[in-house]
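Residue-level structure breakdown
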Amino acid sequence: MTVFKKLKPYLYLAPAVIPIAVFVYYPLVKSVEISFLSWNMVSPNRKWVGLDNYVHLLTSAEFWKSVWNTGMYIVLLLLLLLVAPFFVAYAVTRVRGKMQSFLKSAIFVPTVLSLAVASIVFLWLFNPISGSVNHLIGLIGLPSVNWLSDPGWALISIVIITSWKTFGYHFILLLSGILSVPQDIVEAARIDGVSSSMGLIRKIYIPLSGGTIMFVFVITVVLGIQWSFVPIQMLTNGGPDQATTHLVYTVYQYAFQFFRSGLASAVSVLTFIAFSGLIIFQSLVMERRVHYEN
C-alpha cells in the first residue's frame, strides 16, 4: 500500500508524460543521432560521418538560401499576422452594434478552412491568365503578375495564402487583448490629453495587451513556418529556383525526396537550435517589457 501511494502521483502524470516522451523527446534524440549518419532510411547499413552533414550544410548555398527565406517568412508573417490583425481588431472595436458582430464573424470565417482548401482557392485566384487578382490589378493599369512562378512574387504569394487562412485566429486573440484593457484607464488617458487613436494604441493598448501580443508573436514565429508548408508543397514545391523553400520544407526535401536522412536531421537540429534561441531571447529580453495586469 505504501509503494502504491508513492507511485500514485506518477501514475497520474503518466498519461501526459508518456506521449510527450514517446512522440516529442524520443524523436528529438533520434534526430540528433541520425544527423551524424549517412543513411537513406531504407538500407540496414548506417555510415557514421560525424560532423560532415553539418559542414556540408554550413557551406551549402542551398541551405543559406532556405535560412534567408525562413527569415523573410517570419518578417512578412509578423506583419500580416501580428501587426495587421492588431490594427484591424482595434478598428473593429470602434464599430458599434450588429456590424461589429458581422465583422468578427466575416474575418474569422477563413480560419475554419484547411490550408489545402485555401491553397486551391488561391491557385485559381493567382492564375496568371484567368485569375481574379490579375484581372483586378489590370483594371487599374498594372501589368499581370506570375504570382506562383515568378521568384520575386512566389514567396509573397505563399505568405498571403498562409496569412489569409490564419488571420482570423490571430485577430480574435488580439481583439480579446484589446477588449481586456480597462476603459477607466482609456478615459484617464483621454483626460490627460491622449485623444488620437494612434496615441491610445501606442501608450495604452499596446502596453496593456502586451501579454496577448507576446503570445501571438511566439506562435507566429514558431508555427508560421509550419503553416506555410502545405501551400509550398501543393503549389510551388519550394520553387521557382528555391524562392519559396524554408528550413522546414528543406527537412522534408532531404528526407522524403532525396532520401538523405542525415542531412534532413542535421537541418532539423539546426532549426531547433535557432528557434530555441529565439524563444530564450523572447523569455529573457522581450518578456521583461510585457505588462501583466495581475
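In case you missed it, the structure is sitting above this.
Now for a quick tour of the structure. (Residues numbered from 1 in each chain as written. Predicted model: local features only at pLDDT ≥ 70, side-chain atom pairs only at ≥ 80, totals over all residues. Heavy atoms only, no water.)

Quick word on the overall build of the protein chain
- Scanning the protein chain from N- to C-terminus turns up 13 helices and two strands.
- Principal-axis analysis of the C-alpha atoms places the extent of the protein chain at approximately 75 × 75 × 35 Å.
- Counting across all 294 residues of the protein chain, residues that qualify as buried make up 37%.
- Taking the contacts inside the protein chain whose residues are at least 6 apart along the sequence as the reference set, 68% of them involve residues at least 24 apart. (Helix = DSSP H or I, 4+ residues; strand = E, 2+ residues; numbered from the N terminus. Buried < 20%, exposed > 50% of the residue type's maximum accessible area, 1.4 Å probe, protein only. Contact = heavy atoms within 4.5 Å.)

Remarks on the layout of surface pockets
- By volume, the largest pocket amounts to about 530 Å³.
- The wall of the largest pocket is formed by 22 residues, among which Q226, V248, V251, S268 and T271 lie closest to the centre.
- Looking at the lining of the largest pocket, the elements that each hand over two or more residues are α1 (2-34), α10 (210-227), α12 (247-257) and α13 (261-284).
- If you tally residues by element for the lining of the largest pocket, the top one is α13, at nine residues.
- Here the lining of the largest pocket is composed, by residue class, of 15 nonpolar, seven polar and no charged. (1 Å grid on protein atoms, 1.4 Å probe; cavity = no way out; pocket = protein on both sides within 12 Å on 5 of 7 lines; lining within 4 Å. Points joined across faces, edges and corners; volume = space filled by probe spheres on them. Nonpolar A, V, L, I, M, F, W, Y, C, P; charged D, E, K, R; others polar.)

With respect to the packing of helix α7 (residues 154-179) against α10
- Between α7 and α10, whose axes approach to 10 Å, the crossing angle comes to 165°. In terms of axis orientation, α7 runs roughly antiparallel to α10. With respect to the hand of their crossing, α7 and α10 are arranged in right-handed fashion. Touching T162, T166, Y169, H170, L173, L174 and G177 of α7 are T212, I213, F215, V216, I219, T220, G224 and W227, all from α10. (Axes fitted to C-alpha atoms, helices over the stretch in contact; angles between N-to-C directions. Parallel < 35°, antiparallel > 145°, perpendicular 65-115°, else oblique. Left-handed = near helix turned anticlockwise from the far one by under 90°.)

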